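# Architecture at a glance
Now for the letters of each chain:
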Amino acid sequence: GQQLNQSPQSMFIQEGEDVSMNCTSSSIFNTWLWYKQDPGEGPVLLIALYKAGELTSNGRLTAQFGITRKDSFLNISASIPSDVGIYFCAGRLFGNEKLTFGTGTRLTIIP
Amino acid sequence: DGGITQSPKYLFRKEGQNVTLSCEQNLNHDAMYWYRQDPGQGLRLIYYSQIVNDFQKGDIAEGYSVSREKKESFPLTVTSAQKNPTAFYLCATVDTSGANVLTFGAGSRLTVL
């Protein structure tokens, strides 16, 4: 099955810093989703995007659906300790009900 | 509380044994999914079911089996034919009449001894 290219694989930042991560695909998607997973738990939906160019915020999180429909970005502003975890993007192809997941970005906050 | 319940949370199995992971939901969602998660990899689809008494293979169905006799339940059996079953297994549902996004359970970790 296809997988998305998600980068970076890991990030080590200090509390208060801003974070950016992205996902790219060779295929056109009609939906982009961003999830966060805490250790030993299931992923939780952060933001859902349904239209090219759409920019959506959820508190300190902002995500964008790329104009080409082949990429998406997630930004976290002023990071806090509870932001630690793994962030996954997921996309849905036109005419396909299944989601394709990125390989995840592991966020670690350095004390 | 509406949600998805996966059990057991942790399971240990000897090689050659079949095990069944439970997934129960009270969200009244039609579609249910099973994913496998390995370190450093994205989630890989094992099986999914969009309606009772019907299910389809995902990308890595070999060595697994499922049933969907009730809307609320979608158990996954990891058979002895699965060559590398140690992994974190995630069940999810989709409200196909709503936002059409995956809602996940808390996961089950299977370790083969």
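Residues numbered from 1 in each chain as written. Chains lettered and ligands numbered in written order. Predicted model: local features only at pLDDT ≥ 70, side-chain atom pairs only at ≥ 80, totals over all residues. Heavy atoms only, no water.

### Regarding the interface of chain B and chain A
At the interface, 22 residues of chain B touch 20 residues of chain A. Taking both sides of the interface into account, the surface hidden between chain B and chain A amounts to around 1,600 Å²; carbon and sulfur atoms contribute 53%. When residues of chain B are sorted by the area they lose upon contact with chain A, L43(B), N100(B) and V101(B) head the list and together hold 25% of the total. At the boundary of chain B with chain A, the tally comes to zero salt bridges. Grouping the amino acids of the side of chain B that touches chain A by side-chain chemistry returns twelve nonpolar, seven polar and three charged. (Contact = heavy atoms within 4.5 Å. Buried area = accessible area lost by both parts, 1.4 Å probe. Salt bridge = Lys/Arg side-chain N within 4 Å of Asp/Glu carboxyl O. Nonpolar A, V, L, I, M, F, W, Y, C, P; charged D, E, K, R; others polar.)

### Topic: the packing of aromatic side chains
When we look at a pair of aromatic rings, we describe it by the centre distance and by the angle of the planes. Applying the stated criterion to the full structure yields ten aromatic pairs over all chains. Here the aromatic rings of Y47(B) and F55(B) are separated by 5.9 Å at their centres, their planes lie at 80°, and the arrangement is edge-to-face. Overall, the relative accessible area of 8% leaves Y47(B) in the buried class. One aromatic cluster is present, formed by Y35(A), F101(A), Y33(B), Y35(B), Y48(B) and F104(B) through successive ring pairs. A cation over an aromatic ring shows up here: R68(B) above the ring of F74(B), its NZ or CZ 6.0 Å from the ring centre. (Phe/Tyr/Trp six-rings, centres within 6.5 Å; stacked < 30°, edge-to-face > 60°. Buried < 20%, exposed > 50% of the residue type's maximum accessible area, 1.4 Å probe, protein only. Lys NZ or Arg CZ within 6 Å of the ring centre and 35° of its normal.)

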